[in-house]
There are 2 protein chains.
Amino acid sequence: MGRLTGGDPSLLRRINSAVVLHALRGADCPTLTDLTRITGLSRPTVEGVIEGLIETGLVVESVAEEGGTRRQGRPARKFRFRAEAGHLLGVEIGSHRVAALLSGLDGRIIGAGSRDVSEAASEDERLERVRLVVADVLRRAGVARSSLRAVGVGSPGIVEADGTVRLGTALPGWTGLALGERLRRSFRCPVLVENDANAAAVAEHWKGAATDSDDIVFVLAGLSPGAGSLIGGRLHRGFGGAAGEIGALHLLGREVTPEKLLSTTDEPLHPLDEQAVADVFTLAKQGDFRAQAAVERFIQRLVHDVAALVLALDPELVVIGGWAAGLDGVLDPLRDELSRYCLRPPRVALSLLGEAAVATGALRLALDHVEEQLFAVERTVTARR
Amino acid sequence: MGRLTGGDPSLLRRINSAVVLHALRGADCPTLTDLTRITGLSRPTVEGVIEGLIETGLVVESVAEEGGTRRQGRPARKFRFRAEAGHLLGVEIGSHRVAALLSGLDGRIIGAGSRDVSEAASEDERLERVRLVVADVLRRAGVARSSLRAVGVGSPGIVEADGTVRLGTALPGWTGLALGERLRRSFRCPVLVENDANAAAVAEHWKGAATDSDDIVFVLAGLSPGAGSLIGGRLHRGFGGAAGEIGALHLLGREVTPEKLLSTTDEPLHPLDEQAVADVFTLAKQGDFRAQAAVERFIQRLVHDVAALVLALDPELVVIGGWAAGLDGVLDPLRDELSRYCLRPPRVALSLLGEAAVATGALRLALDHVEEQLFAVERTVTARR
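Residues numbered from 1 in each chain as written. Chains lettered and ligands numbered in written order. Predicted model: local features only at pLDDT ≥ 70, side-chain atom pairs only at ≥ 80, totals over all residues. Heavy atoms only, no water.

Caption draft 1: Structural view of the pattern of salt bridges. Under the counting rule described, the total for this entry stands at 41 salt bridges over all chains. Note that Glu-84 of chain A and Arg-82 of chain A form a salt bridge whose closest N and O atoms lie 3.6 Å from each other. With relative accessibility at 24%, the residue Arg-82 of chain A sits in the partly exposed group. Here Arg-131 of chain B ties to Glu-128 of chain B by a salt bridge, and the two come within 3.4 Å at their closest N and O atoms. Remark: Glu-128 of chain B and Arg-131 of chain B occur in helix H4 (residues 123–141); sequence separation between them is 3 residues, near one turn of the helix. Under the relative-accessibility criterion, Arg-131 of chain B is labelled partly exposed at 32%. Linked by salt bridges that have partners in common, Arg-25, Arg-364, Asp-368 and Glu-371 of chain A make up one network. (Salt bridge = Lys/Arg side-chain N within 4 Å of Asp/Glu carboxyl O. Buried < 20%, exposed > 50% of the residue type's maximum accessible area, 1.4 Å probe, protein only. Helix = DSSP H or I, 4+ residues; strand = E, 2+ residues; numbered from the N terminus.)

Structure, rendered in structure tokens:
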């Protein structure tokens, strides 16, 4: 990192704080000498910054270890980043379930919970379910609500920058809902709302199947597929937040509806839910020809959706998530077909996070928000790609 | 722009040079006093920088105007950025024609030329045609080849970072060609090769139909469609340079080949070239039912391609270029269909640059390269989106 000399002294103090904080998080209980070496700052500067950070509660002097080698004289003071100084929530609000993950400021998960919810639930019922799950997770982890620094939320639909759901296809009742505003009544900290597939893409990049790539497409494969993409490691939301909303793609080819696509009779499959579809897949495995044909059509649809994304975006890696990822035999036909249609086929992998992907991504977005505050100055002076 | 004090003095000099150069390009023959005011630098600093820039040939003292108001005393010296201190070429190498645009360092076009070339021409013949066009343009403009600072080239196919064409569908003989390397033999300056649709997207953003948007998709609509996109004003090439290569999209729906699509008989249309297709469109206008059906199928295909791009990327604006843009009746059905399938339909416009788009974009890429050199320091210290 470049050093600035002169100029705004308070800016300089903030930069130095961020540098020391960053070093503290990366090292295991460093001493002042360690921090001086790592940061290149003078010892008095580091001492001043550390005192300030201790005052804010972000840093604490770590207790000297028993039986240390340094017996004589006063032991060197050691310091530790207090991940427990604040907490973050990642929340998924889906059509069938709501889930929450809790972490400290280091992003390490210390609590989790979920509850099923009916697809037909009203928005008030669904939000009440969220509050129950969150209260339960906080209580079991022994974390006070006032300790929350940010809450990330992943939910279906096109989400505006202010957290309003502009259009929800998976949850029609969600359309027009000021979801961010509603949730902010329950929390005193920032609430960040993101499209579910976008959140899941962030999650797989953070700690899932896409940790080694910055150019990925995540497909939330289900009856109404959505997708999220990272370009150069950054979430691509699109101009109006609708990037990856590929649910309407199949309409273009004048293809059949999902109900007809997955039917094993002359009638459309009804109700079209995950259980009904799983039954079709089971029948197919048992050798039922009509079920096998239905599965074939379903996979062909998925291939079509993914290929359109791949041709448009040219990612390095495609991650398949959502409940379809749990179905056998999705990946190989996808690879085969992509290699036929794409000039440069990407790698294809299954989600490693499974049904935790959306809440995990929501948590990461909350963590990003807090880190941007803690390290705001650093971000403005280091080069960004 | 932030000011740095202390630190590397040569870095500081380069920053100051870039600042003064930038001010010179934006002002009309400013005086030292003007430059001091615009840049906030001290007068001795500006004087020193100006002397250095005059030595490099980038700046010249402008001749005092006749009849100026300042008659008494020594007139204030005025300075001018020498756009003529270097030149740039933008070259299109297409399947049917090669074209070149020439500009000074300000990007103002001072020469243009083009020649037809057969689709069946060998790569040597095609490159020879390029050399002829370039030599002709330079000669007519009275510009020495040694004055060229950068050459941009737009051509079909997936183009690697080093200028090798990895896969060319419109020009099959182009596949595997080290196009950049071959062209670098003819020029002593950097040669930058880019996919044609990508170049055209850059051109429409620079001085075409997309000057008011940073999030655009440009569709080079033709028999083998390609697309280029800008995200936040920057070209999105994709991980492997293949983003927007949507030529294979139609295969996914198991649709018919272009030859069958555009046929007005029971036989495939052969040869399938622009003239043959234009004839079909003319027939359709004259009321031929089979031709009208063929045109309908063609437009439906285009709608399908564009919708897939729009759903994946969510741009603010779609610009339709390529020869299909010249056909009547493309835009309205496209708008209608997009509004049916896209959750948030983008604006749709026709290319304003027409057949000049690819060469214009190639020129802009060459200009970007030179400006990055001239203003390299500035770019590293100012905030980037």
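Caption draft 2: Region of the structure containing the sheet that holds strand E6 (residues 148–155) of chain A. All names here are of chain A. On the basis of which strands lie adjacent, the open sheet formed by 5 strands has the order E5-E4-E3-E6-E9 and mixed pairing. A single partner strand is all that each edge strand has here, and the edge strands are strand E5 (109–116) and strand E9 (191–195). If you compare each strand with its neighbour and ignore which way they point, the axes differ by 15 degrees on average. Each of E5, E6 and E9 touches helix H6 (residues 196–207); the most contacted strand, E9, lies at about 100 degrees to it. Helix-sheet contacts for helix H12 (residues 357–374) involve strand E3 (87–93), strand E4 (97–104), E5, E6 and E9, and the interaxial angle to E3 is about 145 degrees. (Pairing = 2+ DSSP bridges. Axes fitted to C-alpha atoms, helices over the stretch in contact; angles between N-to-C directions. Contact = heavy atoms within 4.5 Å.)

Caption draft 3: A look at the sheet that holds strand E6 (residues 148–155) of chain B. All names here are of chain B. With respect to topology, 5 strands assemble into an open sheet ordered E5-E4-E3-E6-E9, the strand pairing being mixed. Single-partner strands in this sheet number two, and they are strand E5 (109–116) and strand E9 (191–195). Across the sheet, the mean angle separating the axes of adjacent strands is 15 degrees when strand polarity is ignored. Where strand E3 (residues 87–93) meets E6, 6 bridges bridge the pair, whose relative direction is parallel.

Caption draft 4: Just the packing of helix H9 (residues 274–285) of chain A against helix H10 (residues 289–313) of chain A, in detail. All names here are of chain A. Packing of H9 against H10 leaves a shortest axis separation of 8 Å and a crossing angle of 120 degrees. When the axes of H9 and H10 are compared, the pair comes out oblique. Considering the relative orientation of H9 and H10, their crossing is left-handed. The residues of H10 that touch H9, namely those facing Val-280, Phe-281, Leu-283 and Ala-284, are Ala-291, Gln-292, Ala-294, Val-295 and Phe-298. (Parallel < 35°, antiparallel > 145°, perpendicular 65-115°, else oblique. Left-handed = near helix turned anticlockwise from the far one by under 90°.)

Caption draft 5: Here's a closer look at the confidence of the model for chain A. Residues and elements named next belong to chain A. When pLDDT is averaged along chain A, the result is 84; 88% of the residues meet or exceed 70. The weakest mean pLDDT in chain A belongs to helix H13 (residues 376–381) at 44; the strongest belongs to E3 at 97. A low-confidence stretch, residues 1–7 stays under pLDDT 50, and its non-local contacts, those more than four residues away or across chains, total 16 contacts. (pLDDT = per-residue confidence, 0-100.)

Caption draft 6: Molecular detail of the environment of Ser-186 of chain A. All names here are of chain A. Within the secondary structure, Ser-186 sits in the loop between helix H5 (179–184) and E9. Each C-alpha atom of the pair Ser-186 and Arg-131 lies 7.8 Å from the other, and the pair is 55 residues apart in sequence. When neighbours within four sequence positions are excluded, Ser-186 is seen to be in contact with Arg-131 and Arg-145. For Ser-186, the side chain forms a polar contact with the side chain of Arg-131, separated by 3.3 Å. (Polar contact = N/O pair within 3.5 Å; in protein donor to acceptor, adjacent residues only side chain to side chain.)

Caption draft 7: Molecular detail of the environment of Ala-197 of chain B. Residue and element names in this part refer to chain B. When you line up the elements, Ala-197 lands in helix H6 (residues 196–207). Judged by its relative accessible area of 0%, Ala-197 falls in the buried class. Between the C-alpha atom of Ala-197 and that of Pro-156, which follows or precedes it by 41 residues, the distance is 7.6 Å.

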